[in-house]
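Read off the chains here:
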Amino acid sequence: MRKTVRTDDGRLLVAEEWGNPAGMPVLLLHGTPGTRLGTALPGVAEQHPGVRFLAYDRPGYGHSTRHSGRRVADAARDAAAVADAFGVDRFTVVGRSGGGPHALACAALLPGRVRAAAVLVGLAPPDAAGLDWYAGMTEFNVREYGMARAHLDGRDPGGLDRDLAARAAVIGRDPVRLIEDLRAELSPYDLPVVDDPRVRAVLLRTYREALAVSHHGWLDDCLAFVRPWGFDVSAIGVPVLLWHGLDDAFSPVAHTRWLAGAIPGAEPVLVPGAGHFAAQYALPEVLRRLDGQGA
């Protein structure tokens, strides 16, 4: 069931619910760029008949209203608004890739509502002490996040905006272009994943929806990741699962290792022979692990 949610500051978020309406609520947070349509592969609800799935498009993606200047921390308020709209009090949150930092925001800032959190192939904060943030990252992402930092510190305030606007215009018409642009930097383990017809269909659908109106969600995600997040991950007090492929070059595994050391009690699951897009297959395993934790 699709629903348009109004936030307390008047913005609109496009949200969706599926699965068992009486089941354990799980809020899925999408990647970058992305939408609610890219949070799970077909059949996941049937594999987990006891789960009630929720997802929403972050501000600026699809038809969700832009929230210019948003921080990662702001996701907690939006997640709470979505949960309220569906009559959900407590829930588990799962964020993949760009959704990972936002899942951690929910865990840190909604301790009375979030039962547990999982981050799949996520990023660490930009000020993570002792972490070389760019080490092992693809040239594609180094360039994108480098332009985001240049935007914020005034060295090139419009560069990332122009770059993503031009790319989004092309990808919105032909979302295959984003997959093809990334292909040269995919690990050998990622290539068969993005060529899997189920994964490819989900990626193309979510890219098309994400960029249907503007590039602003993509832009604001990138800026949010490299500015202070607005919360301390070490203050998270709920169970956190950190899933990462050891051969991920888009979000290097060093980020998850750093998070595992910074978040009290966090459980890292590091998978050999898996790249970034292997996280598309990981949700059933993650849900089973979370269920084992009593989430």
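For the structure given in this document, a descriptive report is provided here. Owing to the predicted nature of the structure, the values given are computational and were not obtained by experimental measurement.

## Details of the packing of aromatic side chains
Link 1 in the chain: For the structure on display, the rule yields six aromatic pairs.
Link 2 in the chain: Geometrically, the ring pair formed by tryptophan 133 and tyrosine 145 is edge-to-face, given 5.3 Å between the ring centres and 75° between the ring planes. In this pair, tryptophan 133 sits in the loop between β6 (114–120) and α4 (139–152) while tyrosine 145 sits in helix α4, placing the two residues 12 residues apart along the sequence. For the pair shown, tryptophan 133 and tyrosine 145 are each scored as buried.
Link 3 in the chain: For the pair tyrosine 145 and phenylalanine 225, a centre-to-centre distance of 6.3 Å together with 75° between the ring planes defines the contact as edge-to-face. Of this pair, tyrosine 145 sits in helix α4 while phenylalanine 225 sits in helix α9 (residues 216–226), and the two are 80 residues apart along the sequence.

## Digging into the sheet that holds strand β1 (residues 2–6)
Link 1 in the chain: In spatial order, the strands read β1-β2-β4-β3-β5-β6-β7-β8; together these eight strands make up an open sheet with mixed pairing. At either end of the open sheet lies a strand with only one pairing partner, and these are β1 and β8 (267–271). Going across the sheet, the axis of each strand differs from the next one's by a mean of 20°, ignoring polarity.
Link 2 in the chain: In this sheet, β8 lies alongside strand β7 (residues 240–245) in parallel orientation, the contact comprising five bridges.

## Section: helix α10 (residues 253–262)
Link 1 in the chain: Listed as buried for α10 are Val253, His255, Thr256, Leu259 and Ala262.
Link 2 in the chain: Each element contacted by the buried residues of α10 is listed here: α3 (99–109), β7 and β8.

## A few points about the pattern of salt bridges
Pairing is possible between side chains of opposite charge, provided their charged atoms come close.
Link 1 in the chain: In the structure shown here, the tally under the stated rule is 25 salt bridges.
Link 2 in the chain: Of the charged contacts in the structure, one is a salt bridge between aspartate 196 and arginine 198, with a shortest N-O distance of 3.8 Å.
Link 3 in the chain: Residue aspartate 196 is classed as buried on the basis of its relative accessible area, which comes to 15%.
Link 4 in the chain: By relative accessible area, which is 40% here, arginine 198 ends up partly exposed.
Link 5 in the chain: Through salt bridges that share partners, Asp8, Asp9, Arg11, Arg77 and Asp78 make up one connected network.

## Describing the packing of helix α5 (residues 159–173) against α9
Link 1 in the chain: It is the contact of α5 with α9, at a shortest axis distance of 9 Å, that shows an interaxial angle of 140°. On the basis of their axis angle, the class for α5 and α9 is oblique. Of the two elements, α5 crosses α9, and the hand of that crossing is right-handed. Where α5 approaches α9, its residues Leu160, Asp161, Leu164, Arg167, Ala168 and Ile171 are matched on the opposing element by Trp218, Leu219, Cys222 and Leu223.
Link 2 in the chain: Its residues assigned to classes, the contact of α5 with α9 shows eight nonpolar, no polar and two charged.

## Structural notes on unusual backbone geometry
Excluding glycine, a negative phi dihedral is what most residues carry, and trans is how most peptide bonds are arranged.
Link 1 in the chain: With an omega of -10°, the peptide bond between threonine 32 and proline 33 qualifies as cis.
Link 2 in the chain: Considering the arrangement of structural elements, one finds proline 33 in the loop between β3 (24–29) and α1 (44–47).
Link 3 in the chain: Located in the positive-phi region is serine 97, a residue other than glycine, with phi close to 55°.
Link 4 in the chain: Within the secondary structure layout, serine 97 lies in the loop between β5 (91–96) and α3.
Link 5 in the chain: A relative accessible area of 12% places serine 97 in the buried class.
Link 6 in the chain: Of note in this structure, valine 121 is not a glycine but carries a positive phi near 45°.
Link 7 in the chain: Position of valine 121 relative to the elements: it lies in the loop between β6 and α4.

The rules behind these values
Residue positions are given per chain, counted from 1 along the sequence in the order it is written. For a predicted model such as this one, the threshold for reporting local features is a pLDDT of at least 70, and the threshold for listing and counting side-chain atom pairs is 80 or more; totals across whole chains, interfaces and linings nevertheless cover every residue. As a rule here, side-chain values cover all heavy atoms of the structure and leave hydrogens and water aside. The pairing test for Phe, Tyr and Trp rings, Trp by its six-membered ring, is centres within 6.5 Å, and the orientation test on the planes gives stacked under 30 degrees, edge-to-face over 60, and tilted for anything in between. Under the scheme used here, helices are H or I runs from DSSP no shorter than 4 residues and strands are E runs no shorter than 2 residues, and both carry numbers assigned from the N terminus. Note on classification: 1.4 Å probe, protein chains only; a residue is buried when its accessible area is under 20% of the maximum for its type, exposed when over 50%, partly exposed between these limits. Whether two strands pair depends on DSSP finding at least two bridges between them. Angles here are taken between N-to-C directions and fall from 0 to 180 degrees, while the axes themselves are lines fitted to C-alpha atoms, restricted in helices to the stretch in contact. Contacts: residue pairs with any heavy atoms within 4.5 Å of one another. Counted as salt bridges are all cases of a side-chain nitrogen of Lys or Arg within 4 Å of a carboxyl oxygen of Asp or Glu. When an angle is under 35 degrees it counts as roughly parallel; over 145 it counts as roughly antiparallel; between 65 and 115 it counts as roughly perpendicular; any other value is oblique. Left-handed is the label given to a crossing in which the near helix is rotated counterclockwise from the far helix by less than a right angle, and right-handed is the label when the rotation is clockwise. The classification used treats Ala, Val, Leu, Ile, Met, Phe, Trp, Tyr, Cys and Pro as nonpolar, Asp, Glu, Lys and Arg as charged, and all other residues, Gly among them, as polar.

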